[in-house]
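Spelled out from the first residue to the last, the chains are:
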Amino acid sequence: LIFGVKPEYRQMGLPFVAFHHLLQLWRRKPQYEYAELGWNLEDNFAINRLFEDGGVPPAKRFRIYGKKL
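Predicted model only: the values in this text are computed from it and were never measured.

Chemist: Is there a simple way to explain helix H2 (residues 45-53) in this structure?
Modeler: Since there are 3.6 residues in each turn of an α-helix, residues three or four apart along the chain are aligned in direction. Along H2, the residues that are buried comprise Ile-47, Asn-48, Leu-50 and Phe-51. Along the long axis of H2, the arc covered by the buried residues comes to 155°, so they all point the same way. Looking at H2, the residues exposed on the side facing more than 90 degrees away from the buried face are Phe-45, Ala-46, Arg-49 and Asp-53. Taken together, the buried residues of H2 touch helix H1 (14-28). Just downstream of H2, Gly-55 is the residue with a positive phi angle, here 85°.

Quick notes on the rules
Residues numbered from 1 in each chain as written. Predicted model: local features only at pLDDT ≥ 70, side-chain atom pairs only at ≥ 80, totals over all residues. Heavy atoms only, no water. Buried < 20%, exposed > 50% of the residue type's maximum accessible area, 1.4 Å probe, protein only. Helix = DSSP H or I, 4+ residues; strand = E, 2+ residues; numbered from the N terminus. Arc of directions from axis to C-beta. Contact = heavy atoms within 4.5 Å.

As structure tokens, this is what we get:
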């Protein structure tokens, strides 16, 4: 599942709705042992804080480097 949220809708709790839905699916499928919570950019503070507050520490850091050519 990959999704983005338009800026004007980012403070409406849509990630919570998506996580709740996924959690409900996970509970019905006992064969799943873990979930990948995504490739989140290091500067995506809102989603990273959501994961950390939920007890999910980051396992990797993804960065984008840029250079004008």
